[in-house]
Amino acid sequence: DTGIMSYSAKYASAFYGPFRDALDSAPGFGDKKTYQMDPANRSEAIKETLMDIDEGADIVMVKPGLCYLDIVREIKNEVDVPVSVYQVSGEYAMLKGAAERGWHNHDAVMMEQVTAIKRAGADLIASYFAKDVVKLIS
């Protein structure tokens, strides 16, 4: 009676940095690439996602989001379960930092990013921007 969301396509990404730094959780030795996907590998994402569904996943996730919109779309085209995207801390920090420097309009770029994730096929979006997005669309 418990729903299962699988991190089906979790890529080895530099965009995790701010979260790891905030928690001081960067690996003490080695790296996490041994259990995260190679960013250049498209077929593994589909294969792992289908295996997760076969093993009982109710929702599948792609993490991070923006650099993997093609993967989101491909997974969405292949599966009959909801597809979730985790817009991670580096994606958040990149937008915030540029907006603080006056390089772009924060809210417009934030909404464009979330819209792109949704348009790619995400049924659910986990984002550090969640409260800001809700305020703008309410």
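On a predicted model such as this, the values are computed, not experimentally measured, just so you know. (Residues numbered from 1 in each chain as written. Predicted model: local features only at pLDDT ≥ 70, side-chain atom pairs only at ≥ 80, totals over all residues. Heavy atoms only, no water.)

Here we look at the environment of Asp58
Within the secondary structure layout, Asp58 lies in the loop between helix H2 (43-54) and strand S2 (59-63). The sequence separation of Asp58 and Pro82 amounts to 24 residues, and the corresponding C-alpha distance is 7.3 Å. (Helix = DSSP H or I, 4+ residues; strand = E, 2+ residues; numbered from the N terminus.)

Section: the confidence of the model for the chain
Parts of the prediction with low pLDDT should not have their coordinates interpreted in detail. Within the chain, residue pLDDT values average 88, and 86% of them lie at 70 or more. When the criterion is pLDDT under 50, residues 18-23 qualifies, and its contacts beyond four places in sequence or with other chains add up to nine contacts. (pLDDT = per-residue confidence, 0-100. Contact = heavy atoms within 4.5 Å.)

With respect to the sheet that holds strand S4 (residues 124-127)
In a beta sheet, neighbouring strands pair by backbone hydrogen bonds and run either parallel or antiparallel. An order of S1-S2-S3-S4 is seen for the four strands of this open sheet, with the pairing classed as parallel. Strands at the two margins of the open sheet, each flanked by one partner only, are strand S1 (5-10) and S4. On average, adjacent strands in this sheet sit at an angle of 25° to one another, irrespective of strand direction. Two elements, strand S3 (residues 83-87) and S4, share four bridges in a ladder whose sense is parallel. The partner of Val85 across the bridge, within S4, is Ile125. (Pairing = 2+ DSSP bridges. Axes fitted to C-alpha atoms, helices over the stretch in contact; angles between N-to-C directions.)

Digging into the environment of Ile46
Assignment of secondary structure puts Ile46 in helix H2. Between the C-alpha atom of Ile46 and that of Glu74, which follows or precedes it by 28 residues, the distance is 7.6 Å.

A look at the nonpolar core
Grouped together as the largest cluster of nonpolar side chains are 19 residues, with contacts concentrated most on Ala9, Tyr11, Val62, Ile71 and Ile75. Among the elements of the structure, H2, S2, helix H3 (69-78), S3 and helix H5 (106-120) are those that each provide at least two residues to this core. Ranked by residues supplied to this core, first place goes to H3 with three residues. For Ile71, the residues in contact, after removing those within four places along its chain, are Ala9, Tyr11, Arg42, Ala45 and Val62. Counting residues in hydrophobic clusters, the runner-up holds five residues, among them Leu95, Met110, Val114 and Phe129. (Core = buried A, V, L, I, M, F, W, Y, C linked by side-chain atoms within 4.5 Å. Buried < 20%, exposed > 50% of the residue type's maximum accessible area, 1.4 Å probe, protein only.)

Quick word on H2
Owing to its 3.6 residues per turn, the α-helix brings residues three or four apart onto one side. Spanning 12 residues, H2 covers 17 Å between terminal C-alpha atoms, matching the ideal 16 Å at 1.5 Å per step. For H2, the full list of buried residues reads Ala45, Ile46, Thr49 and Asp52. One face of H2 carries all of its buried residues, which in axial projection span an arc of 130°. Turned more than 90 degrees off the buried face of H2, the exposed positions are Ser43, Lys47 and Asp54. Lining the buried residues of H2 we find S1, S2 and H3. Just beyond H2, the residue with positive phi is Gly56, at close to 115°. (Expected span 1.5 Å × (residues − 1). Arc of directions from axis to C-beta.)

Overview of the pairing of S2
If a strand is regular, its side chains alternate between the two faces of the sheet. Burial runs high along S2: four of the five residues are buried. Note that S1 and S2 share four bridges and pair parallel. By the bridge assignment for S2, Ser6 is matched with Val60. Of the crossover connections in this fold, the one passing from S2 over H3 to the parallel S3 is right-handed. (Right-handed = clockwise from strand over helix to strand, strands pointing away.)

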